[in-house]
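Okay, here's what each chain looks like letter by letter:
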Amino acid sequence: MYVMRNLWPLALCLVLGWSAASQEPPKPSIQGRVVSSATGAPLKNTRVWLEVFSPTRGVTHAPTVAGSAAITGADGSFLLENIEPGSYLLSARRTGYLQQGYRAAEPDTVGPPLKLNAGDRLTDVTLQLTPQALLYGKVVDEDGEAVPDAEVSVYRVSYASGHKQLAFETGTVSQADG
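What counts and how
- Residues numbered from 1 in each chain as written.
- Predicted model: local features only at pLDDT ≥ 70, side-chain atom pairs only at ≥ 80, totals over all residues.
- Heavy atoms only, no water.
- Helix = DSSP H or I, 4+ residues; strand = E, 2+ residues; numbered from the N terminus.
- Buried < 20%, exposed > 50% of the residue type's maximum accessible area, 1.4 Å probe, protein only.
- Contact = heavy atoms within 4.5 Å.
- Pairing = 2+ DSSP bridges.
- Axes fitted to C-alpha atoms, helices over the stretch in contact; angles between N-to-C directions.
- Patch = residues over 30% accessible without salt bridge, like charges linked within 9 Å, V, L, I, M, F, W, Y side chains within 5 Å.
- Areas by Shrake-Rupley, 256 points an atom, 1.4 Å probe, with all protein chains shown as cover.
- Salt bridge = Lys/Arg side-chain N within 4 Å of Asp/Glu carboxyl O.

### Quick look at the overall build of the protein
For step 1, the next point in the chain: Within the protein, the secondary structure is distributed over one helix and ten strands.
For step 2, the next point in the chain: Order of helices (α) and strands (β) in the protein, N terminus to C terminus: α-β-β-β-β-β-β-β-β-β-β.
For step 3, the next point in the chain: Per-residue burial over the protein gives 26% buried out of 178 residues.
For step 4, the next point in the chain: Considering only contacts in the protein between residues 6 or more positions apart, those separated by 24 or more positions represent 62%.

The structure is reproduced here in structure tokens:
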């Protein structure tokens, strides 16, 4: 009887310790919002997703392996839950805006990988999307006459090895009426 009375607290500690040790830590989550870089207004219906990080992906290629994804609410908010621990790229895309990677230096590129460990809860993550542009005009000569079939090129600012440069984006020719 004496042995049973003294062993009972030990047995209870062992059971409680085993129960606590067998519980897995919570999976990582990311909570944030998507806004317009031009106005700061929240962007609803924006697709936000995680992509498993691969060092061979490059910064402008299509996603390789899709991960968790969400669509933002009316206030631009999103929540990605139950993420497996690992390294990921976080990106967002919405019609009328350029795709943006989290912490990327410019649109249409990915940012640095996010290392997510068990129990991590990233909050206040903000992705700023750049509005797309529409170029409209008329090509005329010095007399104000339409110039048909004139080459029109669009360039964007780009960075290579830390140096700012212009990169060709697209081109077309003017119509018969300029």
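Once you've had a look at it, read on.
### Considerations on the sheet that holds strand 1 (residues 29–36)
For step 1, the next point in the chain: One open sheet holds the three strands; their spatial order is 4-1-8, and the pairing between them is mixed. Only two strands of the sheet have a single neighbouring strand rather than two, namely strand 4 (77–80) and strand 8 (121–129). Averaged over all pairs of adjacent strands, the angle between strand axes in this sheet comes to 25°, irrespective of strand direction.
For step 2, the next point in the chain: When strand 1 meets strand 8, the two strands line up parallel, connected through seven bridges. Each residue of the ladder has a partner; that of Val-34, found in strand 8, is Leu-127.

### What to know about a nonpolar patch on the surface
For step 1, the next point in the chain: Where nonpolar side chains cluster on the molecular surface, the patch consists of Tyr-155, Val-157, Tyr-159, Leu-166 and Phe-168 and spans about 570 Å² of accessible area.
For step 2, the next point in the chain: The set of elements that each furnish at least two residues to the nonpolar patch consists of strand 9 (151–160) and strand 10 (163–173).
For step 3, the next point in the chain: Broken down by element, the nonpolar patch gets its largest block of residues, three residues, from strand 9.
For step 4, the next point in the chain: Within the fold, Leu-166 resides in strand 10.

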